[in-house]
Amino acid sequence: MIHSGKTTSKPMLVDTHAHLELDPLFGRCEQVVANAVSAGIVAIVTVGIDLEDVERALNVAERFPHVYACVGFHPHNAKEAAAAGLSQMEIYAKHPKVVGYGEIGLDFFRNHSPRDIQIRIFEEQLSLAKNLGKPVVIHLRDAYREGLEILERSAPYPAGGVIHCFSGTQADADRAVALGFHISIPGTVTYKKNDALRSIAQKCPKERILLETDCPFLSPEPLRGKDNEPANIVYTAKKVAEVLGIPYESVCELTTTNARHFFGLAVDASLSKQ
């Protein structure tokens with residue numbers, strides 16, 4: 001919007017965990033990214049989950065200057081991460097647009113890979129990430145006890161870490177924060193029955209809060225049941241502002257600063273111009 005020849009800026013947001021490389025978003029990336037820019041999103045981190053998926057994530061990151069990537073074997077794909085696979089992932093992790101290693105971890109809800117393999121590959125990738133100097137992006141589902149024990153044994157994490165799409169307990173959050181980790185809040189914080197996540201967001205140290213969509217999954221209210229995309233992180237930010245009792249603009253500034261520092265992002269403020 002233009003007033004007296006001057007431009008104003010929307011509050012800036014960062015989607016710290018998206019999957020632009022997955023269908024249905026990959027085929028319409030141009031529009032999805034344009035929607036995000038219009039909504040005030042100044043950076044998006046798209047997260048690869050296996051070798052083929054990482055190739056697409058890097059392709060997207062190369063096409064858009066404000067899209068970055070994370071790479072790693074998701075626990076669902078741990079059974080594919082033989083030695084050769086990890087070696088190739090290490091090569092991908094050195095790409096200049098890669099800002100983190102993940103999402104890695106444990107998923108004992110789906111068990112698409114055997115649990116013993118998930119644990120071994122998780123531990124190997126934690127070591128790899130630390131050797132690369134990359135922050136770690138952690139996926140835990142129905143496995144917080146086991147996952148946090150591994151993270152505590154493998155500590156410290158000089159480049160930091162984040163529990164993405166947090167779904168654990170307050171005690172789990174406290175343990176993660178004690179490790180120096182961030183807590184990433186997805187659109188599920190808007191769900192009517194998710195008082196637990198709202199309480200965790202309220203009690204989390206403000207400098208440790210990140211926001212994400214995990215798109216195309218987990219659309220926030222009032223868009224549940226539809227494909228998610230980075231532009232929808234606005235709904236998550238507004239709910240977090242309500243929970244924290246601070247203005248929306250303050251949540252945007254807070255979480256964007258946190259994301260910039262955590263991932264080392266070069267945020268282009270001109271993208272927020274209306």
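Rules behind the numbers
Residues numbered from 1 in each chain as written. Predicted model: local features only at pLDDT ≥ 70, side-chain atom pairs only at ≥ 80, totals over all residues. Heavy atoms only, no water. Axes fitted to C-alpha atoms, helices over the stretch in contact; angles between N-to-C directions. Helix = DSSP H or I, 4+ residues; strand = E, 2+ residues; numbered from the N terminus. Parallel < 35°, antiparallel > 145°, perpendicular 65-115°, else oblique. Left-handed = near helix turned anticlockwise from the far one by under 90°. Contact = heavy atoms within 4.5 Å. Nonpolar A, V, L, I, M, F, W, Y, C, P; charged D, E, K, R; others polar. Salt bridge = Lys/Arg side-chain N within 4 Å of Asp/Glu carboxyl O. Buried < 20%, exposed > 50% of the residue type's maximum accessible area, 1.4 Å probe, protein only. 1 Å grid on protein atoms, 1.4 Å probe; cavity = no way out; pocket = protein on both sides within 12 Å on 5 of 7 lines; lining within 4 Å. Points joined across faces, edges and corners; volume = space filled by probe spheres on them. Pairing = 2+ DSSP bridges. UniProt positions renumbered as here; feature names shortened; annotations may be inferred.

**Digging into the packing of helix α5 (residues 144–154) against helix α6 (residues 170–178)**
Here is step 1 of the chain: At a minimum axis separation of 11 Å, α5 and α6 run at an interaxial angle of 15°. By the angle between their axes, α5 is roughly parallel relative to α6. The interaxial crossing formed by α5 with α6 has left-handed handedness. For the pair formed by α5 and α6, the contact residues are Y144, L148, E149 and E152 on the first element and D172, R175 and A176 on the second.
Here is step 2 of the chain: When grouped by side-chain class, the residues that make up the contact of α5 with α6 number three nonpolar, no polar and four charged.

**A few points about the pattern of salt bridges**
Here is step 1 of the chain: Here the structure, examined in full by the defined rule, presents eleven salt bridges.
Here is step 2 of the chain: In this structure, R120 and E124 form a salt bridge, with 3.4 Å as the shortest nitrogen-oxygen distance. Residue R120 and its partner E124 are both found in helix α4 (residues 115–132); the two are separated by four residues, about one turn of the helix.
Here is step 3 of the chain: Using a relative accessible area of 33% as the deciding quantity, one classes E124 as partly exposed.
Here is step 4 of the chain: Among the salt bridges present, the one from D195 reaches R198, with a minimum N-O distance of 2.7 Å. One end of the pair is D195 and the other is R198, both in helix α7 (residues 195–203) and three residues apart, which spans about a single turn.
Here is step 5 of the chain: What makes D195 exposed here is its relative accessible area of 53%.
Here is step 6 of the chain: Sharing partners across several salt bridges, the network here consists of R145, E146 and E149.

**Notes on empty space enclosed by the protein**
Here is step 1 of the chain: Counted under the stated rule, the structure contains one cavity of 30 Å³ or more.
Here is step 2 of the chain: One number sums up the size of the largest cavity: a volume of about 40 Å³.
Here is step 3 of the chain: Together, T16, H17, V137, V162, H164, S184, L210, E212 and F263 line the largest cavity.
Here is step 4 of the chain: Each residue belonging to the lining of the largest cavity can be placed in one class, and the counts come to four nonpolar, four polar and one charged.

**A look at the packing of α4 against α5**
Here is step 1 of the chain: Packing of α4 against α5 leaves a shortest axis separation of 11 Å and a crossing angle of 35°. Between α4 and α5 lies a crossing whose hand is right-handed. For the pair α4 and α5, the contacting residues are I119, F122, E123, L126 and K130 in the first and G147, I150, L151, R153 and S154 in the second.
Here is step 2 of the chain: Looking at the contact of α4 with α5 residue by residue, the classes come out as five nonpolar, two polar and three charged.

**A look at the sheet that holds strand β4 (residues 41–47)**
Here is step 1 of the chain: Across the sheet, which stays open at both edges, the eight strands sit in the order β3-β4-β5-β6-β7-β8-β9-β10 with parallel pairing between neighbours. Unpaired on one side and paired on the other, β3 (13–18) and β10 (209–211) mark the two borders of the sheet. Direction aside, neighbouring strands of the sheet carry axes that sit 30° apart on average.
Here is step 2 of the chain: Of the strand pairs in this sheet, strand β9 (residues 182–185) and β10 are connected by three bridges, and their pairing is parallel. Bridge pairing in β10 places I185 opposite L211.
Here is step 3 of the chain: Contacts from helix α2 (residues 51–63) reach β4, β5 (67–71) and β6 (98–107), with the element oriented near 160° to β5.

**Re the UniProt feature "binding site: a divalent metal cation 1" (unreviewed entry) in the chain**
Here is step 1 of the chain: This chain's UniProt record puts "binding site: a divalent metal cation 1" (unreviewed entry) on H17, H19, E103 and D214. With the annotated positions falling across 198 residues, the maximum pairwise C-alpha distance of 11.0 Å places them together in a single cluster. From this annotated list, the subset lining the largest cavity comprises H17.
Here is step 2 of the chain: One can find H17 in strand β3.
Here is step 3 of the chain: For H17, a relative accessible area of 1% gives the class buried.
Here is step 4 of the chain: Non-local contacts of H17, meaning those with residues more than four positions away in its chain, are made with V45, V47, E103, V137, H164, E212, T213, D214 and C215.
Here is step 5 of the chain: By the element assignment, D214 lies in the loop between β10 and α8 (233–244).

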